[in-house]
Amino acid sequence: MNDTVDKLVVFLAKRDGIDKLVKTFQYVSKLVNYQVEISNPNIAVRAKKWEVASGLSRKAFRTGRFLTGFNAIRRAPGSNKTFQFLAVLANAGEMVYFFFDHFLWLSRIEVLDPKLARRMSFISAFGESFGYIFFIISDLILLREGVRKQRKIVMEKPSDSDEEVKKLRIDRTMRLMGVAANVADLIIAVADIEPNPFCNHAITLGISGLVSAWAGWYRNWPS
């Protein structure tokens, strides 16, 4: 599959693909709103509406997504007890995040009491940040193990290590993209849990959102 249009069609057929595209819209519009808020209020209002609509659309797309975390816990993933433990904690946090995100969405569109939005946002963001911490820890451990394995392969059989090293490098790149996305999303979650001038600044949120979205593009783009 070498044609870019073919790859784009496959990418957008995935729920994660659509999510990353709309997430790009959401955080580009946030940065546009910040940039022109004073100089061009009319464009700023339009950008804000695009940001809000994109955010609500992403929540609708994620309906039922909490079952992914539930299924991962049910299957007890991981090559050993340590990774199984980390996977359970990470997926439990993600499950809480996506489950309460449903109620946040319904309160934002006023199907439920809009007053619930703040509470649902806090619970969802707390579960999100909790899960991301353990996803990050797992990836960092695997990155370290991958580097050690690569060094061992190169030392033991330098003449025919190219293919194995290539696979390890691809895996390392994917994990680095995962760490980047999870750290960026963790910053966004902290902005909901404990608002502060750094995490809640439009530029911090905008850049974090785009880092997460573009890392997701990279990881989900068909090879």
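Rules and cut-offs
Residues numbered from 1 in each chain as written. Predicted model: local features only at pLDDT ≥ 70, side-chain atom pairs only at ≥ 80, totals over all residues. Heavy atoms only, no water. Helix = DSSP H or I, 4+ residues; strand = E, 2+ residues; numbered from the N terminus. Buried < 20%, exposed > 50% of the residue type's maximum accessible area, 1.4 Å probe, protein only. Contact = heavy atoms within 4.5 Å. Areas by Shrake-Rupley, 256 points an atom, 1.4 Å probe, with all protein chains shown as cover. Lys, Arg positive; Asp, Glu negative; His and termini not counted. Charge placed at Lys NZ, Arg CZ, Asp CG, Glu CD. Salt bridge = Lys/Arg side-chain N within 4 Å of Asp/Glu carboxyl O. Patch = residues over 30% accessible without salt bridge, like charges linked within 9 Å, V, L, I, M, F, W, Y side chains within 5 Å. Expected span 1.5 Å × (residues − 1). Core = buried A, V, L, I, M, F, W, Y, C linked by side-chain atoms within 4.5 Å. UniProt positions renumbered as here; feature names shortened; annotations may be inferred. Axes fitted to C-alpha atoms, helices over the stretch in contact; angles between N-to-C directions. Parallel < 35°, antiparallel > 145°, perpendicular 65-115°, else oblique. Left-handed = near helix turned anticlockwise from the far one by under 90°. Nonpolar A, V, L, I, M, F, W, Y, C, P; charged D, E, K, R; others polar. Phe/Tyr/Trp six-rings, centres within 6.5 Å; stacked < 30°, edge-to-face > 60°.

Enquirer: Honestly, the overall build of the protein in this entry has me stumped. Any pointers?
Expert: In terms of helices and strands, the protein carries eight helices and zero strands. Counting helices and strands in the order they occur from the N terminus, the protein gives α-α-α-α-α-α-α-α. Overall, the C-alpha framework of the protein stretches about 65 × 40 × 35 Å when taken along its three principal axes. Within the protein, the proportion of its 223 residues that are buried is 38%. Summarising the internal contacts of the protein: among those between residues at least 6 apart in sequence, 69% fall at separations of at least 24. When the accessible surface of the protein is split by element, carbon and sulfur atoms take 63% of a total near 13100 Å². The protein carries 32 positive and 22 negative side-chain charges, and their two centres are separated by 2 Å.

Enquirer: For this particular structure, what's the right way to read unusual backbone geometry?
Expert: Of note in this structure, E110 is not a glycine but carries a positive phi near 70°. The exposure class assigned to E110 is exposed, which follows from its relative accessible area of 59%.

Enquirer: Help me out: how do you make sense of the environment of V22 in this one?
Expert: Topologically, V22 is positioned in helix 2 (residues 15-36). The sequence separation of V22 and S54 amounts to 32 residues, and the corresponding C-alpha distance is 5.9 Å. Beyond its immediate chain neighbours, meaning those up to four positions away, V22 contacts S54, S57, R58 and F61.

Enquirer: Teacher, can you tell me more about the pattern of salt bridges here?
Expert: Evaluated as defined, the whole model comprises eleven salt bridges. When the shortest N-O distance is used, the salt bridge between D171 and R175 registers 3.2 Å. Here D171 and its partner R175 are both found in helix 7 (residues 162-193), four residues apart, which amounts to about one turn of the helix. A residue is classified by how much of its surface remains accessible, and D171, at 33% relative accessible area, is partly exposed.

Enquirer: Help me understand a nonpolar patch on the surface in this model?
Expert: Where nonpolar side chains cluster on the molecular surface, the patch consists of Y34, I203, I207 and V211 and spans about 310 Å² of accessible area. Residue contributions to the nonpolar patch peak at three residues, all from helix 8 (residues 202-220). Note on placement: I207 falls in helix 8. According to the relative accessible area criterion, I207 is partly exposed, its value standing at 47%.

Enquirer: I keep staring at helix 2 and nothing clicks. Help me out?
Expert: Between its first and last C-alpha, helix 2 extends 32 Å over 22 residues, near the 32 Å set by a 1.5 Å rise per residue. Among the residues of helix 2, those classed as buried are G17, D19, K20, V22, K23, T24, Q26, Y27, S29, K30, N33 and V36.

Enquirer: Just checking my understanding: could you explain the nonpolar core for this structure?
Expert: As a rule of thumb, nonpolar side chains are buried together in soluble globular proteins. With six residues, the main nonpolar core is built from Y27, I188, A191, C199, L205 and L210. Elements with a contribution of two residues or more to this core: helix 7 and helix 8. With five residues, the next largest nonpolar core counts F83, L86, A90 and F134 among its residues.

Enquirer: Could you clarify how one ought to interpret the UniProt feature "transmembrane region" (unreviewed entry) in the protein in this entry?
Expert: Under the local residue numbering, the UniProt record ascribes the feature "transmembrane region" (unreviewed entry) to residues 83-100 and 120-143. From the first C-alpha to the last, residues 120-143 spans 34 Å; its make-up is 100% helix and 0% strand.

Enquirer: What is the right way to read the packing of helix 6 (residues 116-156) against helix 7 from this model?
Expert: Two packed helices can be described by the angle between their axes and the distance between those axes. Where helix 6 meets helix 7, the axes come as close as 8 Å, and the angle between the chain directions of the two elements is 160°. In terms of orientation, helix 6 and helix 7 fall into the roughly antiparallel class. At the point where helix 6 passes helix 7, the crossing takes the left-handed sense. Its residues assigned to classes, the contact of helix 6 with helix 7 comprises 21 nonpolar, six polar and ten charged.

Enquirer: Would you explain the packing of aromatic side chains in this entry?
Expert: Centre distance and the angle of the planes are the two values used to describe a pair of aromatic rings. Taken as a whole, this structure holds eleven aromatic pairs when the rule is applied. Pairing F122 with F126 gives two aromatic rings, centres 6.4 Å apart and planes at 20°, and the pair type is stacked. With F122 and F126 both in helix 6 and four residues apart, this pair spans about one turn of that helix. Overall, the relative accessible area of 46% leaves F126 in the partly exposed class.

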